[in-house]
Amino acid sequence: MKKNIIFTIIGLLVILTSVNAQNTKHISTKGLAVFEKNGVFKPYKFSRHAIGDNDIHIKILYAGICHSDLHHVHSDWGKEEFPMVPGHEILGRVVKVGKNVTKFKIGDYAGIGCMIGSCRICEACKHDHEQYCEQGPIMTYHGIDRYNNNEHTQGGYSKDYVVAEDFAIKIPANAQMEKVAPLLCAGITTYSPIKYAEVKNGDKVGIAGFGGLGHMAVQYAVALGADVTVFDITEDKRQDAIRMGAKRYVNVNNTEDMKNLNNSFDFILSTIPTQYDMNMYLKMLKYDGQMGIVGLPAFANMPTISLDKFIWQGNRKIFGSQIGGIKETQEMVDYSIRNNIYPQVQIIKAEGKLVNEAYKNVLDGKVKFRYVIDMSTLK
Ligand code: NDP
Ligand code: ZN
């Protein structure tokens, strides 16, 4: 009898030790990284922190290529750490959950966007705007995870991610999974300012820059009943804009297209990633109109506004907007899937050479409209 009790206790200790060992075990993974500024993508092995009690471990299925990834690889916004595995448009499947996790179970689909942590107690976090956390949001890559031993974060062009369940988005099982990843950045970054500007049925809305973000913005504004005009620098996307529900397409390099636009828009959203003339768009706003800015060109190439025009032209407002909070991201995912709003994607295999080519094509305006890497093909 006594012997049995001793064996049971030893058995329990063995189980507890092995559970504990599992929980402290780092997760080995691999991805595609650049090893220097403007570098090329090559396979890279690294590890992620062990799954904590409130974390989920996902196997990544798809990762979108956002223009912000290019800005980081090119160090457009300041110094960066290398090697860097970019990717903040992530769709994966849950393979393990920590013991306190309630939102996810094994087999569920989960999304991760641009951030994976914040202080949760500051004014911004309390208002569900974790992206403006006063201590700084922890970015999905190129970040320092102060809640996990200051781990240098690496992004979604990889096989695995470990994330606190509160910073993962639930993806309905009926979604078109190969198209979901870009919603996690391109989707929320355009949905949020369109909602903030209170765009409504009949409003005249301009979307400047018709790429990954822009083509999502068009779809959200059209879904709200707005009369949408698209601005871009190429003829190649004219038909696409009309197909997505825009009323008018303006090639800003075409003088005919540029006629009769001043004082006509309630709201303009700029997703432009390069230098451009902000004053030109300000003039197009109606009295009391507003402009939202999400496109962030390289620091060395930043557009400016002329204050005299800004002040003299009457109550026009400009606001900047960064992604969206977790609550709003969940709302956007649910709304998009319910209303069949998805990015138009080009799926590529997870090979360094193909990702290098994709980066070049994004810069050259040759993608319609978002590259998505099939991470299951990473060798
Ligand atoms: P894309 O490259 O997919 O799209 C940009 C589009 O803008 C392209 O269609 C491009 O033209 C067009 N364009 C370039 N120059 C002009 C111009 N002068 N006038 C009009 N259109 C122009 O980029 P993304 O949509 O992925 O990202 C856009 C920007 O938004 C980037 O700066 C990115 O870093 C930023 N971003 C900001 C976020 C935020 O939270 N605020 C989040 C995510 C991204 P072409 O047809 O030649 O390609
Ligand atoms: Zn992005």
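The structure this text deals with has already been given above.
Throughout what follows, the structure given in this document is the object of discussion. Given the structure is predicted, the values throughout are model-derived calculations rather than measurements.

Before going further, it helps to examine the overall build of the protein. Tallying secondary structure elements over the protein gives 10 helices and 19 strands in all. For the protein, whose C-alpha radius of gyration is 23 Å, the value lies close to the compact-globule estimate of 21 Å for 379 residues. Along the first, second and third principal axes, the C-alpha atoms of the protein reach 95 × 40 × 40 Å. Out of the 379 residues in the protein, the part that is buried amounts to 54%. Counted over contacts in the protein with a minimum sequence separation of 6, partners at least 24 positions apart contribute 68%. Of the roughly 17,700 Å² of accessible surface on the protein, a fraction of 54% belongs to carbon and sulfur atoms.

This next bit is on the sheet that holds strand β12 (residues 204-208). Sheet architecture is open: six strands sit in the order β14-β13-β12-β15-β16-β17, paired in parallel fashion. This sheet does not close on itself; its edge strands, each paired only once, are β14 (248-251) and β17 (317-320). Strand after strand, the sheet turns through a mean of 20° between neighbouring axes, direction not considered. Here strand β13 (residues 227-232) pairs with β14 via four bridges, running parallel. Bridge pairing in β14 places Val 230 opposite Tyr 249. Running at roughly 155° to strand β15 (residues 265-270), helix α4 (residues 186-196) makes contact with β15 and β17 of the sheet.

Let us look at the coordination of the zinc ion (ligand 2). Here the zinc ion (ligand 2) is held by Cys 66 (SG), His 88 (NE2) and Cys 185 (SG), and the distances to it run 2.0 to 2.2 Å. Mapped onto the sequence, the donors of the zinc ion (ligand 2) take the spacing C-x21-H-x96-C. With a gap of 119 residues between them, Cys 66 in the loop between β3 (55-64) and α2 (67-73) and Cys 185 in the loop between β11 (169-171) and α4 connect regions that are remote in the sequence. No difference in accessibility class separates Cys 66 from Cys 185, as the two residues are buried.

Taken together, the neighbourhood of ligand 1 is formed by 31 residues, with His 67, Ser 68, Leu 213, Ile 323 and Arg 370 sitting nearest. Contact distances for ligand 1 include 2.8 Å between an oxygen atom and a side-chain N or O atom of Ser 68. In this structure, an oxygen atom belonging to ligand 1 sits 3.4 Å away from a main-chain N or O atom of Gly 211. In isolation ligand 1 exposes 930 Å². Once the protein is present, 91% of that is buried.

Evaluation of the coordinates by the stated rule reveals 13 aromatic pairs. Measuring from ring centre to ring centre gives 5.6 Å for Tyr 191 and Tyr 335, while their planes differ by 55°; the resulting arrangement is tilted. Here Tyr 191 is found in helix α4, whereas its partner Tyr 335 is found in helix α9 (residues 326-338), with 144 residues between them in sequence. Looking at Tyr 191, the relative accessible area reads 3%, which means it is buried. On the basis of an interplanar angle of 65° and a centroid distance of 4.8 Å, the ring pair of Tyr 196 and Phe 319 is categorised as edge-to-face. Placement of Tyr 196 in helix α4 and of Phe 319 in strand β17 is noted, with a sequence separation of 123 residues between them. Looking at Tyr 196, the relative accessible area reads 61%, which means it is exposed. Feature note: the residues Phe 231, Phe 265, Tyr 276 and Tyr 281 constitute an aromatic cluster, connected by ring pairs.

Okay, the pairing of β13 next. Of all the six residues making up β13, five are buried; the element is thus mostly covered by neighbouring parts of the structure. Note that the unit made of β12, helix α5 (residues 212-223) and β13 has a crossover that is right-handed. The parallel pair β13 and β14, bridged by helix α6 (residues 238-243), forms a crossover whose chirality is right-handed.

Before going further, it helps to examine α5. Here α5 contains 12 residues, and its C-alpha end-to-end distance of 17 Å stays within 8% of the 16 Å for a straight helix at 1.5 Å per residue. For α5, the buried fraction is high: 10 of the 12 residues fall into the buried class. Listing the buried residues of α5 in full gives Gly 212, Leu 213, Gly 214, His 215, Met 216, Ala 217, Val 218, Gln 219, Tyr 220 and Ala 221. After α5 finishes, the residue Gly 225 shows a positive phi value of roughly 90°.

With that settled, the discussion passes to helix α10 (residues 352-363). The end-to-end C-alpha distance of α10 is 17 Å, a good match for the 16 Å that 12 residues give at a rise of 1.5 Å each. Gly 352, Val 355, Ala 358, Tyr 359 and Val 362 are the residues of α10 that are buried. Buried residues along α10 cover an arc of 120° about the axis, so they all sit on one side. In α10, the exposed positions angled more than 90 degrees off the buried face are occupied by Lys 353 and Lys 360. Each element contacted by the buried residues of α10 is listed here: β1 (27-33), α2, β18 (345-349) and β19 (370-374). Looking one or two residues beyond α10, the residue adopting positive phi is Gly 365, at roughly 70°.

Basis of the calculations
Residues numbered from 1 in each chain as written. Chains lettered and ligands numbered in written order. Predicted model: local features only at pLDDT ≥ 70, side-chain atom pairs only at ≥ 80, totals over all residues. Heavy atoms only, no water. Helix = DSSP H or I, 4+ residues; strand = E, 2+ residues; numbered from the N terminus. Rg over C-alpha atoms; globule rule 2.2 N^0.38 Å. Buried < 20%, exposed > 50% of the residue type's maximum accessible area, 1.4 Å probe, protein only. Contact = heavy atoms within 4.5 Å. Areas by Shrake-Rupley, 256 points an atom, 1.4 Å probe, with all protein chains shown as cover. Pairing = 2+ DSSP bridges. Axes fitted to C-alpha atoms, helices over the stretch in contact; angles between N-to-C directions. Donors = N, O, S within 2.8 Å, 3.2 Å for Na, K, Ca; no water. Near = heavy atom within 4 Å. Polar contact = N/O pair within 3.5 Å; in protein donor to acceptor, adjacent residues only side chain to side chain. Phe/Tyr/Trp six-rings, centres within 6.5 Å; stacked < 30°, edge-to-face > 60°. Right-handed = clockwise from strand over helix to strand, strands pointing away. Expected span 1.5 Å × (residues − 1). Arc of directions from axis to C-beta.

Read these as geometric descriptors, not functional statements.
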